[in-house]
Amino acid sequence: MSAKNPGSNCSFHERTNTHIMTTVTKKFHTAMLCRWIILSSIILITTPLSILHAATYTVISSANWSAFPTTPTTSDNIVVRNGATLTINVSDAVCASIQLGVDGMGAGFAGTGTLLFGAIGQLTVSGTVTIGAPTDNNRSGTITMTAGGSLICDELVLSAGGNSVTNSITQGMGSSISVTGSSTLNQPTQNTTTYSWNVNEGTATIGGLLTFAGVDPTTSRIMQINITTGTLNANGGISFDVVGNAFTKRIEFSGIGGTLNVGGAGMINSDNAAFAASISTVNYNAAGAQTVAAFAYHNITLSGSGDKTFATGTTLDGTLSMQGTAALVGTAPSFMGAASVLEYAGSALQFTTDLDFPSTNGPASLTINNMNGVELHDARSISGTLSLTQGNLTTTTVKLLTLGSAAAVVGGSKDSFIDGPIAKTGNSLFLFPTGNLGIYAPIGISPPGVATDVFQAEYVRATPTDRLDIVTGNGIDHISNLEYWNLNRTTGTSSVTVGLSWRASSDVTDPSSLVVARYNNDEWENEGQSANTGTAALGGLTSNLVSNFSPFTLASTLGGASNPLPVELLSFTAEKKSKGVLLEWKTATETNNAFFQIERSLDGKVFNAISKVEGVGNSDITQSYRFLDENPRTGINYYRLKQVDFDGTFEYHPIVSVDIDPVKEVALQLFPNPAIDKVNVFLPSTVEGEADIRIYNAMGQLVRTTTIDLVQGNNSTEFDIRELPKGRYTMVVNYGGQRLTQAPLIIQQ
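This write-up is about the structure you can find in this document. Computed from a prediction, not measured in an experiment: that's the story for all the values here.

Across four bridges, strand S14 (residues 139-145) lies against strand S16 (residues 168-171) in parallel orientation. Across the sheet, the residue bridging to Ile143 is Ile169, located in S16.

Turning our attention to the packing of aromatic side chains. Across all of its chains, the model carries 17 aromatic pairs by this definition. Judged by centre distance (5.3 Å) and plane angle (80°), the ring pair of Phe455 and Phe549 falls under edge-to-face. Of this pair, Phe455 sits in strand S53 (residues 454-460) while Phe549 sits in the loop between strand S60 (538-546) and strand S61 (551-556), placing them 94 residues apart in sequence. Take Phe549: its relative accessible area is 13%, and that puts it in the buried class. Where Phe596 meets Tyr625, the ring centres are 5.0 Å apart and the plane angle is 65°; that geometry is what we call edge-to-face. Placement of Phe596 in strand S63 (residues 580-601) and of Tyr625 in strand S65 (residues 623-629) is noted, with a sequence separation of 29 residues between them. An identical accessibility class is assigned to Phe596 and Tyr625; each is buried.

Moving on to the layout of surface pockets. A water-sized probe, rolled over the atoms, reveals where empty space remains. The computed volume of the largest pocket comes to approximately 1300 Å³. In terms of lining, the largest pocket is formed by 45 residues, of which the most central are Asn392, Phe417, Leu437, Gly438 and Ile439. Broken down by secondary-structure element, the contributors of at least two residues to the lining of the largest pocket are strand S41 (374-375), strand S51 (439-440), strand S56 (496-503), S60, strand S66 (635-645) and strand S67 (650-652). The greatest single-element share of the lining of the largest pocket, amounting to four residues, is contributed by S56. In terms of residue class, the lining of the largest pocket is built from 20 nonpolar, 15 polar and 10 charged.

Another aspect to go through is the sheet that holds strand S34 (residues 315-316). Strand order in the open sheet made by the three strands is S31-S34-S37, with parallel pairing throughout. Edge strands, defined here as strands with exactly one partner in the open sheet, are strand S31 (296-297) and strand S37 (334-335). Sheet analysis places S31 next to S34, joined by two bridges and oriented parallel. Considered in S34, the bridge of Tyr297 is made with Leu316.

Right, let's talk about the side chain of Asn734 for a bit. In this structure, Asn734 sits in strand S74 (residues 727-735). Excluding residues within four positions of it along the chain, Asn734 makes contact with Ala691, Asp692, Arg694, Arg739 and Leu740.

Quick look at the sheet that holds strand S22 (residues 221-227) now. Ordered in space as S7-S9-S12-S14-S16-S19-S22-S25-S28, the nine strands form an open sheet in which the pairing is parallel. Of all strands in the sheet, those with a lone pairing partner are strand S7 (62-64) and strand S28 (274-276), marking the two edges. Along the sheet, successive strands turn relative to each other by an average axial angle of 15°, direction set aside. Two strands pair when backbone bridges link them, and strand S12 (residues 111-117) and S14 are joined in this way by six bridges, in the parallel orientation. By the bridge assignment, Thr114 is partnered in S14 with Thr142.

Evaluation of the coordinates by the stated rule reveals 15 salt bridges. One salt-bridge network, held together by shared partners, links Arg461, Glu483 and Arg503.

Here is what the cut-offs are and how they apply
- Residues numbered from 1 in each chain as written.
- Predicted model: local features only at pLDDT ≥ 70, side-chain atom pairs only at ≥ 80, totals over all residues.
- Heavy atoms only, no water.
- Pairing = 2+ DSSP bridges.
- Helix = DSSP H or I, 4+ residues; strand = E, 2+ residues; numbered from the N terminus.
- Phe/Tyr/Trp six-rings, centres within 6.5 Å; stacked < 30°, edge-to-face > 60°.
- Buried < 20%, exposed > 50% of the residue type's maximum accessible area, 1.4 Å probe, protein only.
- 1 Å grid on protein atoms, 1.4 Å probe; cavity = no way out; pocket = protein on both sides within 12 Å on 5 of 7 lines; lining within 4 Å.
- Points joined across faces, edges and corners; volume = space filled by probe spheres on them.
- Nonpolar A, V, L, I, M, F, W, Y, C, P; charged D, E, K, R; others polar.
- Contact = heavy atoms within 4.5 Å.
- Axes fitted to C-alpha atoms, helices over the stretch in contact; angles between N-to-C directions.
- Salt bridge = Lys/Arg side-chain N within 4 Å of Asp/Glu carboxyl O.

In short, the description is geometric, and any link to function would need to be established separately.
Set out below in structure tokens:
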């Protein structure tokens, strides 16, 4: 059927397709070419053909994405009019933009434009998703993802709209929204109105800045984000407009386990916002400086790196977790209640501070979960639980950790212990989780008589003082020569029994003949054995009641091969030489000694193995060992010995150090150069001692070497090169394990 449009020069052609009930109307105009398509009075498509066939699909009732007569592309725009619903029922839907709710449609088009996702629905929008008409009344927009689904877009905006507008996003379990750019939540323009992004149990990720926009102080005009057990990733940070009432801009957690990850600069202008924590975690995770909102949190995690600045008024009643290399600066938060915890879980050695571990309003409990270790900066006490998960907490008598009367310890192993002293208040049975040099060696006490009594314990992996001075006739043949515990009663008068532990490295062979020995500042006394459990490889020993306290160790009532208590190191030294650092050590006795592993460190904390020296196995005479480190590093080099038995058990010996000053490079002169059979070496020097002269070929292979005794001033020597073939070489002079100088050498035959 042909027709003429009244009042115009445009002609129309109308055709009906009986299969999909589609009425197609084509309009031709001399100035502009466009196409209109109406699908069963549900979808209106307008396509200006002059712009590469980009179309605007307008949904005017309810329809599935799969019902479009032609599938929208990344160049096409979607409009869902008020009162209409577009359901995403496919997994590959794409478009350029989406507008939910439209301005200028007249009174008959009031209501909400809805984007509904099915469980498999996935929509990718290359541009902006706009929820709600920008200005008109009664023109709301909503996204519903309660059944799941996925939305990916470049930008997402909740419009301010007019009166009677309630823009919202509602997610459910399994739903996902990913915004690669920014997202803006505009404040409603009508009183008693709330615009909500309900993440609920879903996941939402915003790559750019999340902005709460609005300056009206009216408290009933609210924009908020709600999270139950889901996750919101605000990777670009969150900003709250400077003007307005804090109640109008809200982030609320209403479930157990919700998470907010904040990147960018953190939360900006948070004094203009409200926050409800419930049982949630907020993670400030940027690789750089961030502002931490002064809210009342449950859990706060500081991760990534850089300074995380706290303001006055920040509180938490859950866990503050220090992760990555992030640092807390600004004002110390207040830990609220008995459930508050401070956790160190960094990626490098961490040091506590007055800000993350305050002495006032500090945490009830402490967790160590850093394989690189944590060092306590000052004396602190906790009333809750000390959890030792991974890594050691290093303390001193000044920087002492004290556990209150109700405090408990969870964990404690060779992978996590207290390296240094720890104190306990109270009248309960207690096992101190002590260790040293990679060895976990707890010590226990029976319940003291008074709740205010305080005991302090420390394990030391070293030879006890005056180990050969034993009270005559007390039944002890010998004591351990490798370990002891300092146990002191610092408050009170209670007597207790003392429990010591041993492990394979203690070299116990006959547990039944072990007793507890105590040093009385002159000799070692026998404190007896009231209980003994375990095997030679692992066990524990309890003394009789003890009323005086000082160093304690394991002792054997049998001599000979029983409980040798094992390799006894007489000395271990490190000395700087011209060729490097010379390490020398001597042992008085050895039992099952397989080898010594030499380890080096530049910070005294993290050691790396650099060599191995075989032991003699078993010996009761002095044995001497030496090793030359030819490649020490500039600065302080720390060395330690790891003595390893044939069964794989090991122990560490005390650390020694050498300071290596950088050698000033000097000019090396060679003549003649090119040379034929001999080359003269001229070398000014600021150091004295033996130096190596080495020649490398063009392949980097060492082909000749000799030494020269350097004096301060000018040095010269002659080098025979007749056996070297024609070619290019490099002469290198090394001193003290460092490269002093080098020069090219050409040999001609």
